[in-house]
Amino acid sequence: MRLVGVEVLLVLLLATSGGGSTRRPTDLVVGIGADDLSIGHATRKRAAAVLVEAWAPTSWRRFRPLVGVQANRRGAVLAYGGGLYDLPIGPRVAVTPSLAAGGYVAGRGRDLGHTAEFRTAIQVSYRLPDESRLGVQAQHVSNANLGGGNNMGAESLFLTWSPSRSRGAAGR
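Residues numbered from 1 in each chain as written. Predicted model: local features only at pLDDT ≥ 70, side-chain atom pairs only at ≥ 80, totals over all residues. Heavy atoms only, no water.

A. Local environment of empty space enclosed by the protein. All chains considered together, the criterion is met by two cavities of 30 Å³ or more. A volume near 150 Å³ is recorded for the largest cavity. If you go around the largest cavity, you meet 19 residues; those closest to its centre are Asp 35, Asn 72, Ala 76, Tyr 104 and Leu 112. Within the residue set of the lining of the largest cavity, elements represented by two or more residues are strand E2 (47–55), strand E3 (63–72), strand E4 (77–85) and strand E9 (154–162). Looking at side-chain class alone, the lining of the largest cavity contains eleven nonpolar, four polar and four charged residues. Considering only enclosed or pocket space, the second largest cavity measures out at about 40 Å³ in volume. Lining the second largest cavity are Glu 53, Trp 55, Leu 66, Leu 84, Thr 96, Pro 97, Ser 98, Arg 119, Ala 121, Ile 122, Gln 123 and Gln 137. Going through the elements one at a time, E2, strand E6 (93–105) and strand E7 (116–127) are the ones with two or more residues in the lining of the second largest cavity. With four residues, the top contributor of residues to the lining of the second largest cavity is E7. (1 Å grid on protein atoms, 1.4 Å probe; cavity = no way out; pocket = protein on both sides within 12 Å on 5 of 7 lines; lining within 4 Å. Points joined across faces, edges and corners; volume = space filled by probe spheres on them. Helix = DSSP H or I, 4+ residues; strand = E, 2+ residues; numbered from the N terminus. Nonpolar A, V, L, I, M, F, W, Y, C, P; charged D, E, K, R; others polar.)

See the structure below:
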């Protein structure tokens, strides 16, 4: 299955974070929310959902790689990899748009028309005094009309939390 490669990449990224010459540890982001919030789609199958993302410890001009997986109560799973831009807005707030591609399995959830899907997201987060982050992430998943068939797309909304990074980490 195509998802295995992304899952292996996620495990390797988490296992190697914080070591070597990196200046900061991997950010782990976990979230709970709702999947398939699309308005006006007769095939909407709203469901509770969870997500886990790892933001790479390396960056280039604030651009960072990310890998993640999200699943909903209906058994739909999206595993993805891509990039993000972590933009601080003041001392405590950050806006983080991201773009990723991945593999999707519908389970009993909505058929999005293809195994290959693209995910765009924006997260707004607030840095708490303990250096952890609390945020909201809105996302859209679509197959960009691959295969010429169904391209319903789906929107999701998550409440996210990222534990504090180790002391002395740069860039937060």
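There's more to say after this.
B. Focus on a positive patch on the surface. A contiguous patch of positive charge, built from Lys 45, Arg 73, Arg 74 and Arg 108, is present on the exposed surface. One can find Lys 45 in the loop between strand E1 (27–35) and E2. Residue classification places Lys 45 among the partly exposed positions, given a relative accessible area of 33%. (Patch = residues over 30% accessible without salt bridge, like charges linked within 9 Å, V, L, I, M, F, W, Y side chains within 5 Å. Areas by Shrake-Rupley, 256 points an atom, 1.4 Å probe, with all protein chains shown as cover. Salt bridge = Lys/Arg side-chain N within 4 Å of Asp/Glu carboxyl O. Lys, Arg positive; Asp, Glu negative; His and termini not counted. Charge placed at Lys NZ, Arg CZ, Asp CG, Glu CD. Buried < 20%, exposed > 50% of the residue type's maximum accessible area, 1.4 Å probe, protein only.)

C. Representation of a nonpolar patch on the surface within the structure. A surface patch of nonpolar side chains, about 640 Å² in accessible area, is lined by Ile 32, Val 50, Leu 134, Val 136, Leu 157, Leu 159 and Trp 161. Tallying contributions element by element places E9 first for the nonpolar patch, with three residues. Within the fold, Leu 134 resides in strand E8 (residues 133–142).

D. Spotlight on the pairing of E2. Judged from the nine bridges that link them, E1 and E2 form a sheet pairing that is antiparallel. The residue bridging Gly 31 from the neighbouring strand is Leu 51, located in E2. As paired strands, E2 and E3 are joined by seven bridges and run antiparallel to one another. Bridging from a neighbouring strand, Ala 49 pairs with Asn 72 of E3. (Pairing = 2+ DSSP bridges.)

E. Summary view of the nonpolar core. Counting 16 residues, the largest nonpolar core has Trp 55, Leu 66, Leu 78, Tyr 80, Tyr 104 and Leu 112 as the members making the most contacts within it. Elements with a contribution of two residues or more to this core: E2, E4, E6 and E9. (Core = buried A, V, L, I, M, F, W, Y, C linked by side-chain atoms within 4.5 Å.)

F. How the structure looks around the pairing of E4. Judged from the nine bridges that link them, E3 and E4 form a sheet pairing that is antiparallel. Across the sheet, residue Gly 68 finds its bridge partner in E4, namely Tyr 80. Pairing geometry for E4 and E6, over eight bridges, is antiparallel. Considered in E6, the bridge of Tyr 80 is made with Gly 102.

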